[in-house]
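Topology and contacts: notes
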Amino acid sequence: MRRELTAKGRATRHRIVEGAAEVLREQGVGSVTLDDVMARTGTSKSQLFHYFPGGKDELLLAVAHYEADQVLEDQQPYLGCLDSWENWERWRDAVVARYEILGDTCPLGSLFLQVGRSTPGARAIVAELMRRWQESLAAGMRALRAAGGPSAEFDVEARAAALLAAIQGGVSILLATGSSAHLRAALDQGLADLRRDLTPAGAVAPR
């Protein structure tokens, strides 16, 4: 059984994971070595194996956890309070801005294209990320529906899944081309569809 880390130990471990994530985004899993991580984080080999006795695979799994949390954290506070159209618009703007700034170094790209494909156990982390993300979108849709939209005719889970899939497609194209046009279009269309379907009959759909 591994001993509980001290506050200083947790900080050091986090620093190593954060540095490893940066190197992986820049170089890719195939070319990154533990020497690269040690150079970036200023740690010795003995120190690295103290925190990650399983070596590179254990470190990559820790990076997968870190990147998954980062994907959701980058969307806060808006993702956690999608209870109004204004907050949906703020969330949309935050998502677009964040991926435009990060480009090829976004944590989502690292998870999907790097760590998630090559590291045992990472696929389960990605699946859990998608579940948490979809549930946050679904919670926002339920909040809008409770405020006066239709109920039985609107499948919250299916719509949340479709919006999430559209975002992933937009981000994938951004990573491949450098253009956020498709991500913007996916989000704009997704929100337009929500406004149409969650606006009570006879009311004017909000813009």
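Since this is a predicted model, take the numbers as computed values, not measurements. (Residues numbered from 1 in each chain as written. Predicted model: local features only at pLDDT ≥ 70, side-chain atom pairs only at ≥ 80, totals over all residues. Heavy atoms only, no water.)

Moving on: the environment of Arg13. Among the structural elements, Arg13 can be located in helix H1 (residues 7–27). Overall, the relative accessible area of 26% leaves Arg13 in the partly exposed class. Considering only alpha carbons, one finds Arg13 and Leu48, 35 residues apart in sequence, at a separation of 8.5 Å. Those residues in contact with Arg13 that sit more than four places away from it in its chain are Leu5, Tyr51, Phe52 and Ala62. (Helix = DSSP H or I, 4+ residues; strand = E, 2+ residues; numbered from the N terminus. Buried < 20%, exposed > 50% of the residue type's maximum accessible area, 1.4 Å probe, protein only. Contact = heavy atoms within 4.5 Å.)

A separate point is empty space enclosed by the protein. If a probe as big as a water molecule is rolled over the atoms, it shows which places are left empty. Here the structure, examined in full by the defined rule, presents 1 cavity of 30 Å³ or more. A volume near 40 Å³ is recorded for the largest cavity. For the largest cavity, the full set of lining residues is Ala20, Leu24, Val32, Leu34, Val37, Lys56, Leu59, Leu60 and Val63. Of all elements in the fold, only H1, helix H2 (34–41) and helix H4 (56–73) reach the threshold of two or more residues within the lining of the largest cavity. Among the elements that make up the lining of the largest cavity, the one with the highest residue count is H4 (4 residues). In terms of residue class, the lining of the largest cavity is built from 8 nonpolar, no polar and 1 charged. (1 Å grid on protein atoms, 1.4 Å probe; cavity = no way out; pocket = protein on both sides within 12 Å on 5 of 7 lines; lining within 4 Å. Points joined across faces, edges and corners; volume = space filled by probe spheres on them. Nonpolar A, V, L, I, M, F, W, Y, C, P; charged D, E, K, R; others polar.)

Moving on: the pattern of salt bridges. According to the stated counting rule, one finds 15 salt bridges in the structure shown. Across the salt bridge formed by Asp197 and Arg159, the nearest N and O atoms sit 2.8 Å from each other. Of this pair, Asp197 sits in helix H9 (residues 181–197) while Arg159 sits in helix H8 (residues 156–177), and the two are 38 residues apart along the sequence. Of the charged contacts in the structure, one is a salt bridge between Asp193 and Arg196, with a shortest N-O distance of 3.3 Å. In this pair, Asp193 and Arg196 are both assigned in helix H9, 3 residues apart and thus about one turn of the helix distant. A relative accessible area of 52% means that Arg196 is categorised as exposed. One continuous salt-bridge network, built from bridges that share partners, spans Arg159, Asp193, Arg196 and Asp197. (Salt bridge = Lys/Arg side-chain N within 4 Å of Asp/Glu carboxyl O.)

Below, the discussion takes up H2. Turning to H2, its buried residues are Leu34, Val37, Met38 and Thr41. Taken end-on, H2 shows its buried residues confined to a sector of 100°, consistent with a single buried face. Turned more than 90 degrees away from the buried face of H2 sit Asp35 and Ala39, all of them exposed. Buried residues in H2 make contact with H1, helix H3 (45–51) and H4. Trailing H2 by a residue or two, Gly42 shows a phi angle of about 65°, which is positive. (Arc of directions from axis to C-beta.)

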